[in-house]
Amino acid sequence: MSRFDRYLLSQLLALFGFFSLVLVAVYWVNRAVGLFDQIIGHGQSALVFLEFTALTLPNAIRLVLPVSAFAAAVYVTNRLTRESELVVMQATGFSPWRLARPVFYFAMIVAVMIAVLMNIVVPASRITLAARSAEIEANVTARFLREGTFLHPAPGVTLYIREIAPTGELLDVFLSDARDPASRITYSALRALVVRGDTGPKLILLDGMAQTLDRASSHLTVTRFADLTHDIGGFMAGSGLRGRSPEELQTPELLRADAALAAELGTTPAVLLQEGHSRISNPLLGVAAPLIGFSALLLGAFSRFGLWRQVLGAVILLVIVQFTDNVAAQTVLRDATLWPLQYASAVLGLGVAAGLLAVAAGPGLATRRMARPQGSAA
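Numbering of residues begins from 1 in every chain and follows the order in which that chain's sequence is written. Per-residue local features of the predicted model are confined to residues with pLDDT of at least 70, and side-chain atom pairs are confined, for both listing and counting, to 80 or more; whole-chain, interface and lining totals are unaffected and use all residues. Side-chain descriptors were evaluated using all non-hydrogen atoms of the structure, hydrogens and water having been removed beforehand.

**Here we look at the nonpolar core**
Nonpolar side chains in soluble globular proteins tend to be buried together. In terms of nonpolar packing, the biggest core is built from 36 residues, with L8, L12, F16, L99, F106 and L298 touching the most fellow members. Elements are defined by DSSP. Helices are runs of H or I of four residues or more, strands are runs of E of two residues or more, and each kind is numbered from the N terminus. For this core, the secondary-structure elements that each account for two or more residues are α1 (3-41), α2 (46-82), α3 (85-91), α5 (101-138), α9 (269-298) and α11 (344-361). Looking at this core element by element, the count peaks at 9 residues for α5. When residues no more than four places from it in sequence are discounted, the contact partners of L8 are V76, L80, L99, P102 and V103. With 16 residues, the next largest nonpolar core counts V157, I161, A192 and A210 among its residues. Nine residue types can take part in a nonpolar core, namely buried Ala, Val, Leu, Ile, Met, Phe, Trp, Tyr and Cys, and a core is a set of them joined through side-chain atoms within 4.5 Å. Remark: exposure states derive from per-residue accessible area (1.4 Å probe, protein chains only) relative to the maximum for the residue type, with buried under 20%, exposed over 50%, and partly exposed in between. Contacts: residue pairs with any heavy atoms within 4.5 Å of one another.

**Thoughts on α2**
In a helix, the anticipated span is given by 1.5 Å times the number of residues less one. Its 37 residues place the ends of α2 only 47 Å apart at the C-alpha level, less than the 54 Å of an ideal helix rising 1.5 Å per residue. The angle between axes fitted to the seven-residue stretch ending at a residue and the seven-residue stretch beginning at it gives the bend at that residue. Along its length, α2 shows its largest kink, about 35°, at V64, and proline P66 lies within four residues downstream of that point. Immediately beyond the C-terminal end of α2, within one or two residues, lies S84, with a positive phi of roughly 70°.

**Regarding the pattern of salt bridges**
Criterion for a salt bridge: a side-chain nitrogen of Lys or Arg within 4 Å of a carboxyl oxygen of Asp or Glu. Applying the stated criterion across every chain, the model contains 9 salt bridges. In this structure, R79 and E83 form a salt bridge, with 3.7 Å as the shortest nitrogen-oxygen distance. In this structure E83 comes out as partly exposed when scored by relative accessible area, which is 44%. Ionic pairing is found between R191 and D207, a salt bridge with its closest N-O pair at 3.2 Å. One end of the pair, R191, is in strand β4 (residues 183-197); the other, D207, is in strand β5 (residues 200-214), with 16 residues separating them in the sequence. Take D207: its relative accessible area is 38%, and that puts it in the partly exposed class. Overlapping salt bridges, with partners in common, bring together D5, R98 and R101 in one network.

What follows is the structure, encoded as structure tokens:
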């Protein structure tokens, strides 16, 4: 790698890291507010909040990397043009294709990062996140059992605990279950314990009574008991075993998706195929984005005011490529046989970048640049 390639690549990587950090931080702040209320509101610690935040970051990072790469390419190219560094290199005989070589190296680095994130890191983080979410949902003591507060763990259910002893024993428990339209049962007990069962958590009530009200006849039945076991697993929204999601599957599984796997996940083969092929096409978009930004700015001549028209054009081109990707994804979701369309946006982006470089290398543009006085607007 030549000295110029190393210099331009270092500039691109430095700005790429800066823009990625800023965009991920913005995402983290927006996501953290709702996640903090959800986690802390369920009685979990700040460490659990940080763990969940870390597990959601890989997906955020892979979303911002193409945008960061594009912004870095545009910023560096604009600055080097404004400071006449690219003009000097072109005067020494460097063609636009030669100038784009370090940008291509940079784009390949970004593509590898996106590929690793989408095919390895993100699926692993989704699996871990799903497992930790199931553990927290199964932790009834943390979610629902709080002393001195009337809780409503499910519609029609009211739970009150006067005190939770240091040993974990619940003192003076009140439980009202009005989910059955025909009757209402109210439990009260001096003591209670929460234990794990094969089908979910159980509440063992000790030294209490159950009052059953028949709504039709208004007849009240009172039953006293020494101990009574009540299944409270149904109170927990989303409790029990979770099915896998497409984001948790490995890429080869998604590409080999059939009707049986789709039925297991409760989705369609088209969804699985679209997810699998997007993990291959998105890294290619990571290659196209910085190349579009760089090649679009090469069309402009030196200007003390910058290349703002070219910057705007590059942004519009990137928006068009992204819009094509969204349309292709929706088409594949409707018809799995059209999965090759998932690569249309990547092909379009690479084609646009190559076309812009070809125009920049054309003799007509070079002649107009030489004829234009130095310092004029681009």
